[in-house]
Amino acid sequence: MADITDMTDIPKGALQGIKVLDLSRVLAGPSCTQVLADLGADVIKVERPHIGDETRHWAPPTFSDDTSAYYATINRNKKSLTVDITTPAGQTIIKQLIADSDILVENFKVGGLKKYGLDYDSLKQDSPRLIYASLTGFGQTGPDAKRPGYDYIIQGLSGLMSITGPSDGEPHKVGVAVIDLFAGLQLTIGIQAALLARQHTGVGQHVDVALLDSALSMLANVGMNHLASDKIPPRLGNQHPNIVPYQVFAAKGEAHFILACGNDHQFAKLCEVLSVDWHTDARFATNPNRVANRELLCAELTKIFAKQPRAYWLAALDQVGVPCGAIHNVAEALAMPQAQAREMIVSFAQQGSPVRALGNPIKLSASPVSYRTPPPRLSEHTDSTLADLGYDSEIIAKLKADGIV
């Protein structure tokens, strides 16, 4: 587990000097801005006075300082500023911050910020270098643009649930809000592309990412199977639509493992371990034939794998180079020596915070990600941010008394 210690030893981040104004909330947008923050950007998270981001209240569980685990997932390395953007004074504060920002990230409904003068068209004339990044359910255009979007609903609409879950059961969602997170990554990529484009043109642009678009792109080879064949892809449970055997099997004692034979050579090695000659059998010798005879082959494999414990099969398959792996629970996954070596758990104990967080998977050799600050307390940086804008203590006190910040 990585421990955050001497901040002076942290190398400069790849995005150091980039300023981000984060008007997003919940998961998809904040996951994007956390990546930017990990990469060194200065991110100010704008929250509602007294309430904050909804996820602050999505508990239990919480850490011992009452920070919800959900909020802590995607809000480290940020400053918390509370502003009521529905008020003219609040809008003035936001526009002052925009004037000094490179990027604005928002996930309001389409048109939701226009009435406050905070939409892209209203801002781009005075801030032509601004990169304005919007993440919505259905995008800025199209007949469904103004519909609200939620990960679960989009998993259903996109077809993703139709191919997830047991073949003879009901459709299943993925165990985490994978579309929110994937869309957040797409927004991050779009923002970084816009930053590069701005170096050449000197002008910012509007980055438009939708949950539905992201989900449809996630269909990947399964979606392409449909485009190539016009057939509706079936739900195959833990099986692969194009490769056999590539699925979950139960060993002796009901312990499950994944077998992933990606080619004919690996299948021949599997046959060597099992002491069978199926790799010379015309029904199974090639992957297309194995796909055609999926049920027959997998039924035989199921019988054999039930004869020995999981550890036996994993060791034997590893030895001959057949891809395989145990199915861990979350505790087992995070306890893996490989996860520890890659610093995929981060502790903020050295900074007086009880929060432990999942690490960033991006590893840069010269400008690595950094974990500078734990998730902020609500409004923790309001006074200092306003002071930087030139507000004195009396004005800040009045803004607080009026409920604006």
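Going by an unreviewed UniProt entry, the protein carries the name CoA transferase and comes from Psychrobacter pocilloporae.

*Asks:* Can you help me understand the overall build of the protein in this one?
*Replies:* Along the backbone of the protein there are 16 helices and twelve strands. The burial tally for the protein puts 43% of its 405 residues in the buried class. When contacts within the protein are restricted to residue pairs at least 6 apart in sequence, long-range pairs at least 24 apart make up 67% of them. Averaging the positions of the 36 positive and the 42 negative side-chain charges in the protein gives two centres separated by 2 Å.

*Asks:* Looking at this model, I keep getting lost on the pattern of salt bridges. Mind explaining?
*Replies:* Close approach of charged atoms allows side chains with opposite charge to pair. Applying the stated rule across the entire model yields 19 salt bridges. Two residues, Lys 124 and Asp 121, come together in a salt bridge whose shortest N-O distance is 3.6 Å. By relative accessible area, Asp 121 is classed as exposed at 53%. Notably, a salt bridge pairs Lys 303 with Glu 300, separated by 3.5 Å at the nearest N-O pair. Taken together, the residues Lys 303 and Glu 300, both in helix H11 (residues 294-305) and three residues apart, mark about one turn of the helix. Here the residues in one salt-bridge network are Arg 25, Arg 48 and Glu 54, joined through shared partners.

*Asks:* Would you mind going over the sheet that holds strand S4 (residues 78-82) with me for this structure?
*Replies:* Backbone-to-backbone hydrogen bonds pair the strands of a sheet. The strands run either parallel or antiparallel. Strand order in the open sheet formed by six strands is S4-S3-S2-S5-S6-S7, and the pairing between neighbours is parallel. At either end of the open sheet lies a strand with only one pairing partner, and these are S4 and strand S7 (206-210). With strand direction ignored, the average angle separating the axes of adjacent strands in the sheet is 20 degrees. Looking at chain direction, strand S6 (residues 131-136) and S7 are connected through five bridges and run parallel. Within the sheet, the bridge partner assigned to Leu 135 lies in S7 and is Val 209. On top of the sheet, helix H1 (residues 28-38) reaches strand S2 (19-22), strand S3 (42-47), S4, strand S5 (103-106) and S6; it is set at about 160 degrees to S2, its chief contact. Packing against the sheet, helix H6 (residues 178-201) makes contact with S5, S6 and S7, and its axis sits at approximately 165 degrees to S6.

*Asks:* Got a minute to help me understand the layout of surface pockets in this structure?
*Replies:* Where empty space is left can be seen by rolling a probe of water-molecule size over the atoms. Estimated volume of the largest pocket: approximately 1100 Å³. Leu 27, Thr 73, Ile 74, Leu 181 and Leu 358 are the residues nearest the centre of the largest pocket, which is lined by 32 residues in total. Here the residues of the lining of the largest pocket sort into 20 nonpolar, seven polar and five charged. A volume near 530 Å³ is recorded for the second largest pocket. Together, 23 residues line the second largest pocket, and Arg 25, Val 26, Asn 107, Gly 149 and Tyr 150 are the ones closest to its centre. Residues belonging to the lining of the second largest pocket are distributed by class as follows: 13 nonpolar, four polar and six charged.

*Asks:* What is the right way to read the nonpolar core from this model?
*Replies:* Within soluble globular proteins, side chains that are nonpolar generally end up buried alongside one another. Residues Val 20, Ile 103, Leu 187 and Ile 191 are the most contacted members of the largest nonpolar core, which totals 38 residues. At the level of elements, H1, S5, S6, H6, S7 and helix H7 (211-218) are the ones that each hand at least two residues to this core. Here this core gets six residues from one element, more than from any other, and that element is H6. Counting residues in hydrophobic clusters, the runner-up holds 26 residues, among them Leu 21, Ile 93, Phe 108 and Tyr 391.

*Asks:* Explain the pairing of S4 to me, please; I cannot follow it from the model alone.
*Replies:* Note on strand geometry: in a regular strand, side chains alternate between the two faces of the sheet. Here S4 lies mainly inside the structure; four of its five residues are buried. In the sheet, S3 pairs with S4 via five bridges, with the strands oriented parallel. Each residue of the ladder has a partner; that of Val 46, found in S4, is Leu 81.

*Asks:* Can you walk me through helix H16 (residues 393-401) in this structure?
*Replies:* Each α-helix turn comprises 3.6 residues. Residues three or four places apart therefore point the same way. Of the residues flanking the start of H16, the one acting as N-cap is Asp 392, its side-chain oxygen 3.2 Å from the backbone nitrogen of Glu 394. Where H16 ends, the next residue or the one after it, Gly 403, has phi of about 75 degrees, a positive value.

Rules of the game
Once a new chain begins, its residue numbering starts again from 1 and follows that chain's sequence as written. Totals for whole chains, interfaces and linings use every residue, but because this is a predicted model, local features are given only for residues with pLDDT of at least 70 and side-chain atom pairs only at 80 or more, for both listing and counting. Side-chain measures here rest on the full set of heavy atoms in the structure, leaving out hydrogens and waters. Working definition: helices are DSSP H or I runs of at least four residues, strands are E runs of at least two. Numbering for both runs from the N terminus. The rule is simple: take the accessible area with a 1.4 Å probe, protein chains only, and divide by the maximum for that residue type; under 20% is buried, over 50% is exposed, in between is partly exposed. What makes two residues a contact is simply this: any of their non-hydrogen atoms within 4.5 Å. For the purpose of counting charges, residues Lys and Arg are taken to be positive, whereas Asp and Glu are taken to be negative. His and the chain ends are not included. Where a charge lies is defined by one atom per residue type, namely NZ (Lys), CZ (Arg), CG (Asp) and CD (Glu). Salt bridge criterion: a side-chain nitrogen from Lys or Arg within 4 Å of a carboxyl oxygen from Asp or Glu. Strands qualify as paired when DSSP identifies two bridges or more between them. Every axis corresponds to a line fitted to the C-alpha atoms, with the helix fit spanning only the stretch in contact, and the corresponding angles, defined between N-to-C directions, vary from 0 to 180 degrees. Each cavity reported here is a set of points on a 1 Å grid over the protein atoms alone in which a 1.4 Å probe fits but cannot get out, each pocket an open set with protein on both sides within 12 Å along at least five of seven lines, and each lining residue one with an atom within 4 Å of a point. Grid points are joined across faces, edges and corners, and a volume is the space filled by probe spheres set on the points. Only Asp, Glu, Lys and Arg are considered charged, only Ala, Val, Leu, Ile, Met, Phe, Trp, Tyr, Cys and Pro nonpolar, and every remaining residue, Gly among them, polar. Nine residue types can take part in a nonpolar core, namely buried Ala, Val, Leu, Ile, Met, Phe, Trp, Tyr and Cys, and a core is a set of them joined through side-chain atoms within 4.5 Å. Pairing of N or O atoms within 3.5 Å defines a polar contact, subject to two protein rules: one partner must be a possible hydrogen donor and the other a possible acceptor, and residues neighboring in sequence count only if both atoms are side-chain atoms.

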